[in-house]
Every structure is written in C-alpha cells, then in structure tokens.
Amino acid sequence: MQEGYPLTIDLYELTMADSYLRRGRNERATFELFVRPPVSARRFLVAAGIEQALDYLEQLRFGEEELAYLRGMEMFSDDFLAYLSGFCFSGELWAVREGELVFPGEPLVRVEAPRIEAQIVETYLLNVVNFHTLIASKAARVRLAAGFSASVADFSPRRDHGPGAALGVAYASYLAGLDGTSNVEAGRRLGVPVVGTMAHAYVMSFSSELEAFRAFATDHPAPVLLIDTYDTLQGARHALEVSRELRAAGRELAGVRIDSGDLPSLTRRVRALFDEAGFPEVRIFISGDLDEYRIQAFLAAGGVADGYGVGTRLGTSYDLPALGGVYKLVEDASGARWKASPGKRTLPGRKQVWRHRGEDGAIHDVLALADERLAGEALLARRMREGRRLAPAEPLAALRERTLATLRELPEDLRVIAADPKPEYPVELSEGLTALLRSLERPGH
C-alpha cells in the first residue's frame, strides 16, 4: 500500500529542517504521535497505519526529480539539499501493535532519531496513522453493533475520498474485524476477501425482474439477488421462485439483499416468506447508508439480517470525519520538552503505556515515563532500529484475528455505542510522569 510520494511533507517541516542543519541542531530528539482527548463518540480507538508508517520510514528517499523541484523553489541551502540527497532514516520507531485498542492521549508511535529525520517524517506519519486509525475505530464499532456472527462488508469505494482512501478503508475495516470489501483492487493488493451482489441497473436492464433474477442465478455460482428495485415483497416472491428452480437443478440461492424501505419490517416478512417455503438457508443482507447507529436501531426494532453492507458512513467516518492526531517533541538532548499552550498542552518525556486487565475484563491504563517499570503489559515496543524493521509485517488476516479477539473481550462499558461528546477514558498518569509535569509547571522553570 505504500505510495511513492517523498514530498508528502508540509513545507514548514523542510524550512525548519534546513534551519536545524545550518545551526547545528541535529541532535537526537524524541517525538510522539497521539490523538488529543477527548474524541467525540469514541470510547476507544483501534490503532492502525503502523505498518504503513514502517514501510515509509524504510523506503523514504529523495531522488533527482524531488531535489530539482526543491532547488527550483529557491528556499533551501545547498548544504540542506545535499543532506536530502543522501537521506535515509536511521532512527528508532516504537509503537503499539497494529490493531491494538488504545485511548486518546496515549502515544501510538514514538520516534527517536536525529532531529531533522524525526521532523521531516511528521506529515506522512500523521496522515497514515490518523486516517487508518479513524476508519479502523469506526469499523470496530460497526462490528460491535452487528455482533460477531453476522457478515459485515465494506461497500464504500464509490463514496470514499479518492482511490487511495478506498484502499485504506478496505485495509483498516478488515483489520478491525469486518469480513470483506467490494473493492476488487483491495483484494488484489491486500488479500482482503472481495464480496458483492448486484445493482438495480442489472434488474432494470431486463424486461422483467424475474428474467433478471434467472439470468443472474444462471451466470453466477452463489447468487445474491437485489429484491427492492420495484416492490420488495414481490421481489422476494420472485427470488423464492428462482430458489425453487435452483434447488430442482441441484443448486441453492445464496441470499437476497434489501437496500431501501422499512428494513426491520421488510426483513421480518422476507425471512418468514423463505422459512415457510422451506428455504431457511437463504440469507438476508441489508445495505443503504448503514453505520453502527443504524444497525443498532435496526436490531432494536426487531430487524432480521445475516449480513450488512456498510458504505458511505464507514468510508468517510460520517459522524467523526477526522481525528485530532498530533506529533509532538517530548524530549531532546536538553531533557524533557512540553507544550503549555491553553487547550493544547502536551505531556513531557518519552513515555510508555502499561495496561492492566481486571478479572471482570475491565481495562485500566497507566501512562508512564519510558524508564518507569510498572505492573501490567507494556503496549509500546521497538519496531524499528537504525532505520530497519525488527520483524517482517504480520499477515493482515492474522492482525484481524487478534483485533477480533480484543473486541470479543471488550468490557461492557467500552461496548456502548452512543454519541457521547466527551467520553471518559480509563487512563491515569504514573507517579513519575506526574512529578515531572509538576516540576515543569513551577513558575520560573
């Protein structure tokens, strides 16, 4: 998935880097990437984009084309352009695991590198981690709303913000536990299972709905028929007729899809129609601007579905279209660094997150300084040393299974799906971090 755009860098990263070089300020520095709390309607986040960040750091180089463009801007010193010509990330990256459950305020990524290297990579790291974490977190909520037995697929490519975003949505939603995507390119490039049914245009392309259903069922081994083009219940009866014909030929209809109307009522009536006719194995899929809220409401109203196609509201994270992820300097050769700006204060020093799990499954995290040793599981681990991965990327399917296992064990208080504008998080500061913060807050420090 790595895209080759070396200059996906905010201009000020480069102007600062040039000044650092001129003034001999390229000593080792530590930056941390985290999401500012609170995050509206999100009781947890699913960290994603770590793998893309590692790929980027290993591959980042500036070729002649990029250097020529920068030279033509007439903004940078010759020494800085010469530095970029030999650029190769040489630092360390510490990060949580791809697909890990995290909370706003906790570092997802820690970069320790010469200051220029750490500064230059900020934009790209924020781009890939913010976006993939945004979508994975949304997809995890959809999975929780639908339950773990239903099939849920990404139907979002036509509404995503560009082809690259569509690939990212397919990746992040599968990582977070969805079952597949309609995006064929994601299947080819990422190995995500590809799923799909049929469109209303197909039904309208034949002289009758029944003729369309028969044609599609003949031409496809596991047909799912879209039954709401004209009248949903009549469409269901036509699908039932095709089901009988297929069974007589030694085949079975895989399912039907409903994309509009009073979905709770329609699904109950369609389910009864097929069950009473002796076809309980025919599955019912629904779609049409679904998300976790609408699936939850559908089920609460007595809707019956075996699967869901979730599109626009997943691919654009409709209720929360962006995450406030930031990348901040926390330590350098002069010691701990922090930002005291009102509403944007940061916590100083290199940090680690220690996770405790209670007997009832409750999660409690402690945000500590990196050199503190506390009880529990340390979430950040070194993933890269001297600019090289310490382990190959895990298969996406394995990452997905681990994320699903985490979601299945999620305590009830974190499963709640509500539009809470300021959720609280089970995170506290360690004694060491609290003491450091207080020392920096003293007047005159």
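A brief report on the enclosed structure follows. Here the structure is a predicted model, which means the values were calculated and not measured.

Conventions used here
- Residues numbered from 1 in each chain as written.
- Predicted model: local features only at pLDDT ≥ 70, side-chain atom pairs only at ≥ 80, totals over all residues.
- Heavy atoms only, no water.
- Pairing = 2+ DSSP bridges.
- Helix = DSSP H or I, 4+ residues; strand = E, 2+ residues; numbered from the N terminus.
- Expected span 1.5 Å × (residues − 1).
- Buried < 20%, exposed > 50% of the residue type's maximum accessible area, 1.4 Å probe, protein only.
- Arc of directions from axis to C-beta.
- Contact = heavy atoms within 4.5 Å.
- Salt bridge = Lys/Arg side-chain N within 4 Å of Asp/Glu carboxyl O.
- Polar contact = N/O pair within 3.5 Å; in protein donor to acceptor, adjacent residues only side chain to side chain.
- Core = buried A, V, L, I, M, F, W, Y, C linked by side-chain atoms within 4.5 Å.

What to know about the sheet that holds strand S1 (residues 28-35)
Within a sheet, each strand pairs with its neighbour through backbone hydrogen bonds, oriented either parallel or antiparallel. Read across the sheet, 7 strands follow the order S13-S12-S1-S5-S3-S17-S18 without closing on themselves; strand pairing throughout is antiparallel. Pairing within the sheet leaves two strands with one partner each, and these edge strands are strand S13 (335-336) and strand S18 (388-389). With 3 bridges connecting them, strand S3 (residues 92-95) and strand S17 (residues 381-385) associate as antiparallel partners. Looking at the pairing, Ala95 lines up with Ala381 of S17.

Re the sheet that holds strand S19 (residues 427-429)
Pairing is mixed across the open sheet formed by 4 strands, whose spatial order is S16-S14-S15-S19. Edge positions in the sheet fall to strand S16 (377-378) and S19, since each has one partner strand and no second. Both strand S15 (residues 363-369) and S19 contribute to a ladder of 3 bridges, which runs parallel. In the sheet register, Leu367 faces S19, and the bridge partner there is Leu429.

Quick notes on helix H12 (residues 263-276)
Here H12 is 14 residues long and its end C-alpha atoms lie 20 Å apart, about the 20 Å a rise of 1.5 Å per residue gives. Of the positions making up H12, those classed as buried are Leu263, Pro264, Leu266, Thr267, Val270, Arg271 and Phe274. Angular distribution of buried residues about the axis of H12 spans 165°; they occupy a single face of the element. Where the residues of H12 are buried, they touch helix H11 (232-248), strand S9 (255-258), strand S10 (283-286) and helix H13 (292-300). Two residues or fewer after H12 comes Gly278, characterised by a positive phi angle close to 90°.

Overview of the pattern of salt bridges
Per the stated rule, a full pass over the model turns up 35 salt bridges. Across the pair Glu92 and Arg382 runs a salt bridge whose closest N-O atoms are separated by 3.3 Å. Note that Glu92 is positioned in strand S3 and Arg382 in strand S17, a separation of 290 residues in sequence. Residue Glu92 is classed as buried on the basis of its relative accessible area, which comes to 13%. Arg382 gets classed as partly exposed once you look at its relative accessible area, which sits at 30%. Sharing partners across several salt bridges, the network here consists of Arg25, Glu27, Arg115, Asp332 and Arg337.

Regarding the side chain of Thr133
Relative to the elements of secondary structure, Thr133 occurs in helix H6 (residues 122-146). Here the side chain of Thr133 touches Val129 through a polar contact of 2.7 Å, landing on its backbone oxygen. If sequence neighbours within four positions are ignored, Thr133 has contacts with Leu45, Val46, Ala47, Ala48, Leu108 and Leu323.

So, the nonpolar core
In terms of nonpolar packing, the biggest core is built from 126 residues, with Phe44, Ile120, Phe274 and Tyr308 touching the most fellow members. With 14 residues, the single largest contributor to this core is H6. Ignoring anything within four residues of it in the chain, the contact list for Ile120 reads Ile9, Glu13, Leu14, Ala17, Tyr56, Leu60, Phe62, Phe80, Leu84 and Phe87.

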